[in-house]
Amino acid sequence: TLVCSPVAEKELVLGFLAGEGLIDNPDDIKDYSYREEQGVAWVTTASPTPRLENFLRRNFTSCCGKGRPSLYFINDISRIKPVAGDVRFSAEQVLRLVKGLEEGSATHRLTGGVHTAALANAGGILARYEDIGRHNALDRIMGHVFLNRIETSDKAVVLSGRIASEMLIKAARIGVPVVVSRSAPTGLALDLAEQLG
């Protein structure tokens, strides 16, 4: 169960599943359906997902990654490969990306009540999603990358919210070597950034 804004549901669902390591590439998806009136999505995968029973008993809030057992978090880290890529962004490019994230966040300007995540390269923002939860916004970026088979070794993820460990793990899982936010990282996120490249 996800609490989320009612937009780009396919990107959210598939990004969430990819971020949790349940699917690895678009070829894993045999079928996808969504019933908007019920707010329910079904995904049929090419191979079994033996850990799915854990997800059926867990609720995910829009913020703070609540409901995730710590044992799962530890197992998750061991499944992530260090990020390859030697892309560099100048301070000027980073500031331009943060400014572009803020200027392009129409719902945030209107309400002040959403987070924004974007995928960017040195030239600017390529994709942007807003949601009431920062995790959901980043999951939509992951779904966008997943569905469009985007090469990420020269990209950055730009966030409006705090970079906590689970946010860093999501970015690392899709192979993005640079994570930018106007907000602070946690100590664990910094440690994981070193560990994951």
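Residues numbered from 1 in each chain as written. Predicted model: local features only at pLDDT ≥ 70, side-chain atom pairs only at ≥ 80, totals over all residues. Heavy atoms only, no water.

**Quick notes on the sheet that holds strand S3 (residues 115–121)**
Logical step 1: A sheet is described by the order of its strands in space; here four strands give the open sequence S4-S3-S5-S6, paired in mixed fashion. Of all strands in the sheet, those with a lone pairing partner are strand S4 (124–131) and strand S6 (178–181), marking the two edges. Averaged over all adjacent pairs, the angle separating strand axes in this sheet is 20°, with direction ignored.
Logical step 2: For strand S5 (residues 156–159) and S6, the ladder comprises four bridges, and the chain directions are parallel. (Pairing = 2+ DSSP bridges. Helix = DSSP H or I, 4+ residues; strand = E, 2+ residues; numbered from the N terminus. Axes fitted to C-alpha atoms, helices over the stretch in contact; angles between N-to-C directions.)

**Side note on the nonpolar core**
Logical step 1: Counting residues in each nonpolar core, the largest one holds 25 residues, and the members touching the most others are Ala117, Leu119, Leu138, Ile141, Val157, Leu159 and Leu192.
Logical step 2: Contributing elements (two or more residues each) for this core: S3, S4, helix H6 (134–148), S5, helix H7 (165–173) and helix H8 (187–196).
Logical step 3: Those residues in contact with Val157 that sit more than four places away from it in its chain are Ala118, Leu138, Ala171, Val176, Val178, Val179 and Val180.
Logical step 4: In this structure, Val98, Ala118, Ala120 and Val178 belong to the second largest nonpolar core, which totals eleven residues. (Core = buried A, V, L, I, M, F, W, Y, C linked by side-chain atoms within 4.5 Å. Buried < 20%, exposed > 50% of the residue type's maximum accessible area, 1.4 Å probe, protein only. Contact = heavy atoms within 4.5 Å.)

**Quick notes on helix H1 (residues 9–19)**
Logical step 1: Most of H1 is tucked away, with nine of its eleven residues classed as buried.
Logical step 2: A positive phi of about 80° marks Gly21, the residue just after H1.

**What to know about unusual backbone geometry**
Logical step 1: For Ala8, which is not a glycine, the phi torsion comes out positive at approximately 45°.
Logical step 2: A positive phi angle, near 50°, is found at Arg149, a position not held by glycine.
Logical step 3: For Arg149, the position within the fold is in the loop between H6 and S5.
Logical step 4: Taking relative accessible area as the criterion, Arg149 reaches 52% and is therefore assigned exposed.

**Considering H8**
Since there are 3.6 residues in each turn of an α-helix, residues three or four apart along the chain are aligned in direction.
Logical step 1: Those residues of H8 not exposed but buried are Ala189, Leu192 and Leu196. Axial view of H8: buried residues confined to an arc of 65°, hence all on one face. Seen from the open side of H8, the exposed residues pointing more than 90 degrees away from its buried face are Asp191 and Glu194.
Logical step 2: Trailing H8 by a residue or two, Gly197 shows a phi angle of about 85°, which is positive. (Arc of directions from axis to C-beta.)

**Examining the pattern of salt bridges**
Logical step 1: Summed over all chains, the structure comprises six salt bridges.
Logical step 2: Residue Glu103 is joined to Lys99 by a salt bridge in which the shortest nitrogen-to-oxygen separation is 3.8 Å. Taken together, the residues Glu103 and Lys99, both in helix H4 (residues 91–103) and four residues apart, mark about one turn of the helix. (Salt bridge = Lys/Arg side-chain N within 4 Å of Asp/Glu carboxyl O.)

**Some details on the pairing of S3**
Logical step 1: Judged by how many residues are buried, S3 sits mostly within the fold: five of seven residues are covered.
Logical step 2: Two strands pair when backbone bridges link them, and S3 and S4 are joined in this way by seven bridges, in the antiparallel orientation. If you follow Leu119 over to S4, its bridge partner there is Ala127.
Logical step 3: Hairpin connection from S3 to S4: two residues lie between these consecutive antiparallel strands.
Logical step 4: Where S3 meets S5, four bridges bridge the pair, whose relative direction is antiparallel. Note on S5: the bridge partner recorded for Ala118 is Val158.

**Overview of the packing of H7 against H8**
Logical step 1: Contact geometry of H7 with H8 gives a least axis separation of 8 Å together with a crossing angle of 25°. Between H7 and H8, the crossing angle belongs to the class labelled roughly parallel. Crossing of H7 against H8: the hand is right-handed. Listed contacts from H8 to Ser165, Leu168, Ile169 and Ala172 of H7 are Leu188, Ala189, Leu192, Ala193 and Leu196. (Parallel < 35°, antiparallel > 145°, perpendicular 65-115°, else oblique. Left-handed = near helix turned anticlockwise from the far one by under 90°.)

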